Amino acid sequence: MSNEMFKEAEKYGFDYYKKGRVLVWHDEFDKPTLDPEKWCFRRTMSTKDRDYDNTEKHIRIEKENVHMQVWRSDKEDINYSLPEGLTTWGTMNYKYGYLEMRAKIPYRHGAWPSFWEQSSTVFQTTPWMSEIDIFEVFSNEKSFASALHKWGYKTHCSVDGGSYTFEEFENLNDEYHIYALEWDPQELKFYVDDHLYGTVPIDPVNGNFKHDIIDGTSGFHDFHFVIMNNEIFSPASTWQPNGWALTDEDEMPIDYYIDWIRLYQNPEKEELKLKPEIDEAIAAKKAAEAEEKK
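Notes on the structure follow. These figures come from a predicted structure and were not determined experimentally. (Residues numbered from 1 in each chain as written. Predicted model: local features only at pLDDT ≥ 70, side-chain atom pairs only at ≥ 80, totals over all residues. Heavy atoms only, no water.)

### Notes on the side chain of Ser 146
Line of reasoning, step 1. Summarising the element assignment, Ser 146 is placed in strand β13 (residues 143-152).
Line of reasoning, step 2. According to the relative accessible area criterion, Ser 146 is buried, its value standing at 2%.
Line of reasoning, step 3. Among all residues touching Ser 146, those that are not within four sequence positions of it are Asp 133, Ile 134, Phe 135, Asp 160, Gly 161, Gly 162, Phe 190 and Tyr 197. (Helix = DSSP H or I, 4+ residues; strand = E, 2+ residues; numbered from the N terminus. Buried < 20%, exposed > 50% of the residue type's maximum accessible area, 1.4 Å probe, protein only. Contact = heavy atoms within 4.5 Å.)

Listed below in structure tokens is the structure:
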């Protein structure tokens, strides 16, 4: 794969080596449609006043970008329509590495765009799910936040991963920035435009992610898959802090553009699983579950 990826990086004119790693997976979104070997859709939220619609009105390749849009709906009792999460759930799972994405995201009232990861249940070794939020914009015009979450045993806990506020933010909705996560067995590092703004230890000695029920950081050493959402805060949202929900005065559509996404790894220390291996693992898991029910 390394020779193939070297040629890909050379073809597109970007770095093959980065952060002591090599390119192992990427998408420049230069095909007419999304590549089903790299992407699928997955519902990550559900609220009664919106429709989830993955048609070209809401998500498409446009000028070598993925363009995700939120629109008002003309259906009765449905306020908004938007795409489901764009994800690598069934196509790419990885363990450790440097992941970066160049994107133009909405910094505005009611918007909740995100770039995040969940642990893969297919290859899970820990009895709880881990979540890494590389960025989330919480209905504001100039800042975003990162976080880690643990879900399991009918409870949840989280820890702050850092936040970033742009000093010059007047044109943020028209600007591309590079958002990145560096992940190794010791810690998670969060970057924007190559600026490190947050670090969270996840090793057994220095990890400080304590909880009475979901203790430790073992879930952050499982394989993860990537997700991008163009979510919103709406009147029916389960969680909508005061003043965050969209109103009739908010302009539509809400736009989220992804120019490219790239993953770098050290193949000797960090692991990657692609669609054929994931499909095989899913089939084996289903067969084992069916056998248990007999």
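Still to come is the rest of the account.
### So, the environment of Leu 148
Line of reasoning, step 1. Structurally, Leu 148 is set in strand β13.
Line of reasoning, step 2. In this view, Leu 148 contacts Glu 131, Cys 157, Ser 158, Val 159, Leu 188, Phe 190, Val 200, Ile 202, Phe 209 and Phe 220; residues no more than four positions away in its chain are not counted.

### Topic: the packing of aromatic side chains
Line of reasoning, step 1. In this structure the tally under the stated criterion is 32 aromatic pairs.
Line of reasoning, step 2. Relative to Phe 223, the ring of Phe 123 lies with its centre 5.5 Å away and its plane at 50 degrees, an arrangement referred to as tilted. One end of the pair, Phe 123, is in the loop between β11 (111-119) and β12 (129-136); the other, Phe 223, is in the loop between β17 (195-201) and β18 (224-232), and 100 residues separate them in sequence. Per residue, the accessibility class of Phe 123 equals that of Phe 223, and both read buried.
Line of reasoning, step 3. Here Arg 262 stacks its cationic end above the ring of Trp 260, 3.6 Å away from the centre of that ring.
Line of reasoning, step 4. If you follow Lys 273 out to its NZ or CZ, it ends over the ring of Phe 123, 5.0 Å from the centre. (Phe/Tyr/Trp six-rings, centres within 6.5 Å; stacked < 30°, edge-to-face > 60°. Lys NZ or Arg CZ within 6 Å of the ring centre and 35° of its normal.)

### A closer look at the pairing of β17
Line of reasoning, step 1. In the sheet, strand β16 (residues 187-192) pairs with β17 via six bridges, with the strands oriented antiparallel. Residue pairing in the sheet places Phe 190 in a bridge with Gly 198 of β17.
Line of reasoning, step 2. Hairpin geometry of β16 and β17 is characterised by an intervening segment of two residues between the two adjacent antiparallel strands and by a positive phi of about 50 degrees at Asp 193. (Pairing = 2+ DSSP bridges.)

### Quick notes on the side chain of Asn 229
Line of reasoning, step 1. Structurally, Asn 229 can be placed in strand β18.
Line of reasoning, step 2. On the accessibility criterion, Asn 229 (2% relative accessible area) is buried.
Line of reasoning, step 3. A distance of 3.1 Å separates the side chain of Asn 229 from the side chain of Thr 44, its partner in a polar contact.
Line of reasoning, step 4. Side-chain polar atoms of Asn 229 contact the side chain of Trp 116, separated by 2.8 Å.
Line of reasoning, step 5. Sequence-distant contacts of Asn 229, defined by excluding residues within four places in its chain, comprise Thr 44, Met 68, Glu 84, Gly 85, Trp 112, Pro 113, Ser 114, Trp 116 and Tyr 256. (Polar contact = N/O pair within 3.5 Å; in protein donor to acceptor, adjacent residues only side chain to side chain.)

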